[in-house]
Amino acid sequence: MSVITYRQALRDTLRDEMARDENVMLLGEEIGLFEGSYKITEGMLKEFGERRVRDTPISEEGFVGAAVGAAMLGLRPVVEVMTINFSMIAIDQIINHAAKVYGMFGGQTSVPMVIRTPGGGGQQLGATHSQNIELFYAFVPGLKVIAPSSPADAAAMLRAAVRDDDPVLLLENLGLYNSKGEVPDGDESVAEIGRAAVTREGSDITLIGYSRMASASLQVAEQLAEQDISVEVVDLRSLRPLDRQTVVDSVRKTGCAVMAEDDWLTYGIGAEIAASIQEGAFDYLDAPVRRVAMAEVPLPYAKPLETAALPSAESITTAVKETLSAVGKRVG
Amino acid sequence: MADTAKAKGGGSAKSTGGRRRSRKDTTQGAPSGTTSAVADEKPDALLDYYRRMLLVRRFEERTGQAYTQARIGGYCHLNLGEEATVVGLMESLQERDYLYTNYRDHGYAIHKGMSPRRVMAELYGRTDGVAKGWGGSMHMYDTETRMLGGYGIVGGQMPMATGAALAVSYRGGDEIVMCQLGDGTTNIGAWHESLNLASLWNLPIVYAIVNNFTGMGTAVDKSSAEPDLYKRGSAFRIEGVRVDGRDVLAVRDAATELVEKARSEQRPYILECTSYRLKGHSVVDPAKYRTEEQTAEARSNDPVAAFEDQLEKAGVLTEDKKKEIADSVKDEVADAADFAENSPSPDVSTLFDYTYATPVANESRRMPADPVFAE
């Protein structure tokens, strides 16, 4: 068992998959000589050469679309889009083409490609570089959208994504790259896309999150355990397909729920989760579902404003406690 | 002789093809200099081209008819008037070569090797359609014949075709990719990004522009700052050639030369085929943006009629042969339509069969009125 960073887990897995399958190739801006803006592709060019590790010009539509075409001919390109904000330049290729080619042609060809892209606020990058727009992609049938929250999960989900025959968008998070976690040595586990995980069992309330907010939720649950509050944590992991059943089962057990998300509230992932809980666990609910989300503003640069706009362990804790108070459960 | 003009990449685009018509001229006048070319050709090949062009013509006429009878839904963009370009381009490809096209794709699908029956069945949205009724008019696709799709978003096919060429190059294959597109496509970002990648990475691809001078209803010179489209690769050091797209032999020759250069040199090329669609952008477009003169001009320069005339004058196409071809094409189209009529519609139980290639947990298979959670 080793304790490694989320970044290292991605890097190790990517290298292993490159070594395992000749059809796996990397495409993206600054992934070769520069070794990746966030150093996920460090050492790759040296190890695999220019044929398999291809620096692209700044032209997201061109290179993401090229990956779609290459995948149609059987390569398994892993594209790095430097941040999810830039993926919007390529959104036609992702939504109109990568997601549709399999269905639109009656299942004759698939698009086995991965788009790795980080998102997340908190780095003082201003309005256009701090967005969590994974929802745009999670909305679309034909795409798979996954968002690992721990190093072990990052490895297992990236492995699954590379070996999957469909286009998979793997959402990384700037705030998680340096987070550490245990990854079993020689681990070769492949995550099942479309499954959520109960990362901590509890009985008082269900706390649901994904990516950075799943990680924060676990931290909150551990803190609240010291106050005798038993929080069950559900990490969604996969935003499409979405594992509603695991959420509903948990809420049926605990009777109340808080959803924490690093995106805007209105129409957000939490809206979908709240609706699912309403449909699947209405009779079990002791309190309305609370949602903790980003303030609905273009994210500001100034640190105090940015910090205030982002959901945090504190804001999650407050929502959990208020929900429990509302149902008459003792809170510390 | 084909009326070609070339733009050499990397330098100023200039005519190297001798006599070059002005842009306006390319939409006027019968294909010139082809009578002598006909004399150099094998009669069987000429008759075959004629038959293929006529097949596209009659197939599309039938398609338009079926559309107005509501047997075909959606949008429907026909190849009427572009038959010589379709046949000429497809004649330049080897079976192993790949093709990407835009939404005006029926003729290309047929002459890349798909059966007219299955193309028509796709138009009817039936199970025997090339995409089992999932694609429709704009989305013909067939793995076997390497027709890798018609695409409905203008320019959407360009990055993908470029990526297909990347895959060929990655594997050291000797196939090439042809990417067909319309004149309007040369103004979108994907065009520029694709040409840049193809040239940087030395990809074996031919971008075949069918310049019918009208991006829906907007004339090329109202939408392209450089309306000589074959020159538009010069910023990327990609050589471009213009050819009269109503002359099947000229298109075939120019395309074959570029296809083989792309293959041997592992480089991208651009071929502009000046063409003219006889009807509107789609079946429902009455083309009111055209003047009566323009329409009359197009009709008087019908490539099928012109080729027929040439072959008759050259003594290749006799009255008997003409009737024989007309009859066989008529039968083939009628057979395709009958086949489509008799093919069943897809069963609703297959609705969720083609969302994902790798099965996935918790995929929604919910019908509109179903609850999300069963009690």
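Residues numbered from 1 in each chain as written. Chains lettered and ligands numbered in written order. Predicted model: local features only at pLDDT ≥ 70, side-chain atom pairs only at ≥ 80, totals over all residues. Heavy atoms only, no water.

*Asks:* Mind showing me how you'd approach the environment of A:Thr109 here?
*Replies:* Mapped onto the secondary structure, A:Thr109 falls in the loop between helix H5 (101-104) and strand E5 (114-119). On the basis of relative accessibility, which here comes to 6%, the residue A:Thr109 falls in the buried class. In the structure, A:Thr109 is positioned 38 residues away from A:Ala71 in sequence and 9.2 Å away in space, judged by C-alpha atoms. Those residues within four positions of A:Thr109 in sequence are excluded, and the remaining contacts are A:Met72, A:Val101, A:Tyr102 and B:Tyr141. A polar side-chain atom of A:Thr109 sits 3.5 Å from a polar atom in the side chain of B:Tyr141. (Helix = DSSP H or I, 4+ residues; strand = E, 2+ residues; numbered from the N terminus. Buried < 20%, exposed > 50% of the residue type's maximum accessible area, 1.4 Å probe, protein only. Contact = heavy atoms within 4.5 Å. Polar contact = N/O pair within 3.5 Å; in protein donor to acceptor, adjacent residues only side chain to side chain.)

*Asks:* It is not clear to me how the sheet that holds strand E14 (residues 290-294) of chain A should be interpreted in this structure. Could you clarify?
*Replies:* Backbone-to-backbone hydrogen bonds pair the strands of a sheet. The strands run either parallel or antiparallel. Residues and elements named next belong to chain A. One open sheet holds the 5 strands; their spatial order is E9-E11-E10-E13-E14, and the pairing between them is mixed. This sheet does not close on itself; its edge strands, each paired only once, are strand E9 (197-200) and E14. When strand polarity is set aside, the average angle formed by the axes of neighbouring strands in this sheet is 25 degrees. Examined bridge by bridge, strand E13 (residues 257-264) and E14 share 4 bridges and lie parallel to one another. Looking at E14, one finds that Trp264 is bridged to Met294. Against the sheet, helix H12 (residues 313-326) contacts strand E10 (205-209), E13 and E14, and its axis sits at roughly 165 degrees relative to E14. (Pairing = 2+ DSSP bridges. Axes fitted to C-alpha atoms, helices over the stretch in contact; angles between N-to-C directions.)

*Asks:* Explanation requested: the pairing of strand E8 (residues 240-244) of chain B in the structure shown.
*Replies:* Sheet faces and side chains relate simply in a regular strand, where the side chains alternate between the two faces. Residue and element names in this part refer to chain B. With 5 of its 5 residues buried, E8 lies for the most part within the structure. Residues of E8 alternate between two faces, with Gly240, Arg242 and Asp244 on one and Val241 and Val243 on the opposite face, all of them buried. Relative to strand E9 (residues 269-274), E8 runs parallel, the two being bridged by 5 bridges. In the sheet register, Asp244 faces E9, and the bridge partner there is Thr274. Between the parallel elements E8 and E9, the chain passes through helix H9 (residues 248-265) in a crossover that is right-handed. (Right-handed = clockwise from strand over helix to strand, strands pointing away.)

The values reported here are purely geometric and, on their own, carry no functional implication.
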